[in-house]
Structures are given as structure tokens and as C-alpha cells.
Amino acid sequence: MALRPEQAKALIAKVMGTRDQEMTCDECVADLAEFVEVQLTRKPLGDALQAVHEHLERCHDCTDEYHVLRQALAALAEEEGR
Amino acid sequence: MPMRAPRENAIWIRDLRAGGPVQAEALTDLRGLLLRGLATSFQARGDTDQAFVEDVVQQALMHILDHLEQFQGRSRFTTWAMAITVRLAMSALRRKRWQDVSLESMTAPSEGAPAWDRDDTTSPAQHAEQHALVETLSRLIDEALTEKQWMALTAELGGMPVEEIARRMGSNVNTVYKLLHDARQRLKHGLETTGYTAEDVRSAFA
């Protein structure tokens, strides 16, 4: 298998960041609402939500959703505060 | 007209299950809230318009009504509803963005030998370390991964969303995520068995 340099670097980073137990995307989505609320109120993350944080570090798709959700909730919070 | 106080979670669920004008009013309120949140969040993006946002919110409302029993009360109801709406929106955007890209085009080998030229920031010793590490990794890919695992991994490395890989493989997100996780675990285990430590790998690419 011939790896291109940028491909090899990205793969090595992913491989070395692998944990034995990882949350799946569906599990992450199920906890995302709670995770964002805790983040917005700056409360500490419990173990279950720490797993969401770790999943977001690995998963581009869920990270995208996290940012959009966070922005949407921030907009609504601002509206509520007016 | 006085502003209505925000509904508590239990009131949202009760009203959305009520049917008739009570349900219609709750749906109108929820629709407005989801539209405002999503529209604001997507304002900066160039790949959506109001029609897209309205279409997604409509789909989300139907999904929410059909899955009210799945709300566990671990967040505000409106946050849960917004998370569902965002998921549907992002899923639609991913599908649109990747609709013309095949899995085969993502996994086709590059023409010619990959260039592993040393740049100015890498010492000759570090370059040799990188080269040895990548050769080991390439061997492990051939020995430890199935063709399906390598195909999914290559597509993911190329930026294809897991959801889109799953669609092309006739599978689902969870199964493909587990396939990818297993592939990464096999490579990590292979590197460790060969004698590479996390520190070796870090220093090779520092």
C-alpha cells in the first residue's frame, strides 16, 4: 500500500488517537443537546459527557453539528434575554 | 399582547401530544423557534437559503412529533428539538455536497510513486524515521485490514463524511464507524507490536 505523505500523517494521527472504547456518532448525537447546554453554562462535564468531548475531537461530522447547534442555541438565548 | 412565558419540558410534551388547537399552537411556537435558531446559525454559510431552512424545520417537526417518547429530559426540550433539526440539516447538506463523488474516486490509488521528499524543516534523521514508520504502516494496512476497511478509511481521510461512506456501502453510520474504529485499532496494535511507542510516533512527526 503506497501512502501519500499527507494521507500518512492524517492516518497516523487518527491511529494514535484511537481508544479501546469509543462513542459512536449515534451515541454522540443522543447526548449532544445535554453536552451543549452544559458547555454554555460552563458547568463541569461528567464522565458520560466527557465521552462526547472525546468523540468530537475525532469526528468531523459531529463537530460540525456541535458548532451549528451551539450557534443556534446562543442565538435563541440572546433572543430570550432581550 | 403580553409575551407568553416559556414552556417547561413537560408542558411542551403535553401540548404537542394534545391534538387540536393546543397542539397546533405548540407546533407554531416550536416551528418559529427552530426557524430562528437555524436561520441565525446558517446565516454565515453560503450553501443554504431560507427555503432550505424551512424545509428542514418542517421535516424536523414531523420527526419530533413521531419520536416524543425518545425525549429523556436530560436537556431542555427545545435544545433536544434543535439538535434533531441541526442533524437533519447537516445530513442534507452533506448529501448534497457529496452527491457526485463516488467511493471509488476517493479510494483510487494516486498516479506514480508517492513523493516523500524531505522539506527544510525536517532533519535527515527525522525524515528516515518518518519513512520507516510509513513503510511499517503500509505493510500493516496490507496485512491487517480488509479491503472494505481500507476503502472506508481512505474515503474518511479524504474528507468524505461517515454518513456518506455508509450510504455508498449500503450500510449505516454506526456500522461504518465501528468498521473504522476496528481498522484504527488493528493498525495501532500493529505499530505497538512492531515496537513503536506513542512517543516514537510523536517525535517522528513533531
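Let us look at the structure shown here. Being a predicted model, the structure only gives us computed values, none of them experimental. In this numbering scheme, every chain counts its residues from 1 along its sequence in written order. Whichever chain is written first becomes A and whichever ligand is written first becomes 1, with later ones labelled in order. Predicted model: local features are reported for residues with pLDDT of at least 70 only, side-chain atom pairs are reported and counted for 80 or more only, and whole-chain, interface and lining totals are derived from all residues.

1. Topic: the overall build of chain A
In terms of regular secondary structure, chain A is built from four helices and zero strands. For helices the rule is a DSSP run of H or I covering at least 4 residues; for strands it is a run of E covering at least 2, with both sets numbered from the N terminus onward. Each helix and strand of chain A, placed in order from N terminus to C terminus, yields the pattern α-α-α-α. Counting only C-alpha atoms, chain A reaches 60 × 25 × 20 Å along its principal axes. For chain A, with 82 residues in total, the buried portion stands at 35%. Look at the contacts in chain A between residues 6 or more apart in sequence, and 57% of them connect residues 24 or more apart. Any residue surrounded by 20 or more other C-beta atoms within 10 Å of its C-beta is treated as buried, while 12 or fewer makes it exposed and the intermediate range makes it partly exposed; C-beta atoms here are placed from the backbone. Contact between two residues is assigned when their C-beta atoms, built from the backbone, lie within 7 Å.

2. Concerning the overall build of chain B
Summing up its helical and strand segments, chain B has 10 helices and zero strands in all. Moving toward the C terminus, one meets the helices and strands of chain B in the order α-α-α-α-α-α-α-α-α-α. What you see for chain B is a C-alpha radius of gyration of 24 Å, clearly larger than the 17 Å of a compact globule of 206 residues, by over 25%. For chain B, the spread of C-alpha atoms along the three principal axes comes to 75 × 35 × 35 Å. What the globule rule says is 2.2 Å times the number of residues to the power 0.38, and the radius of gyration is computed from C-alpha atoms.

3. Looking at the interface of chain A and chain B
Listed per partner, the contact involves 36 residues of chain A and 44 residues of chain B. For the side of chain A that touches chain B, the secondary-structure elements that each account for two or more residues are α1 (5-16), α2 (25-40) and α4 (60-81) of chain A. Residue composition of the side of chain A that touches chain B, grouped by class: 21 nonpolar, four polar and 11 charged. Residues were grouped as follows: Ala, Val, Leu, Ile, Met, Phe, Trp, Tyr, Cys and Pro as nonpolar; Asp, Glu, Lys and Arg as charged; and all remaining residues, including Gly, as polar.

4. Looking at unusual backbone geometry
All names here are of chain A. Unlike most non-glycine residues, R42 shows phi in positive territory, near 55 degrees. For R42, the position within the fold is in the loop between α2 and α3 (47-58). Note on R42: 6 C-beta atoms within 10 Å, which makes it exposed.

5. What about α1 of chain A?
The length a helix should cover is 1.5 Å for every residue beyond the first. For α1 of chain A, built from 12 residues, the straight-helix expectation of 16 Å at 1.5 Å per residue is met to within 8% by its first-to-last C-alpha distance of 16 Å. What α1 of chain A keeps buried is the set A8, L11, I12 and V15 of chain A. On an axial view of α1 of chain A, the arc spanned by its buried residues comes to 100 degrees, and they lie on one face. Tucked inside the fold, the buried residues of α1 of chain A contact α6 (124-144), α7 (147-157), α9 (173-194) and α10 (198-204) of chain B. Our arc is simply the arc of the directions from the helix axis toward the C-beta atoms.

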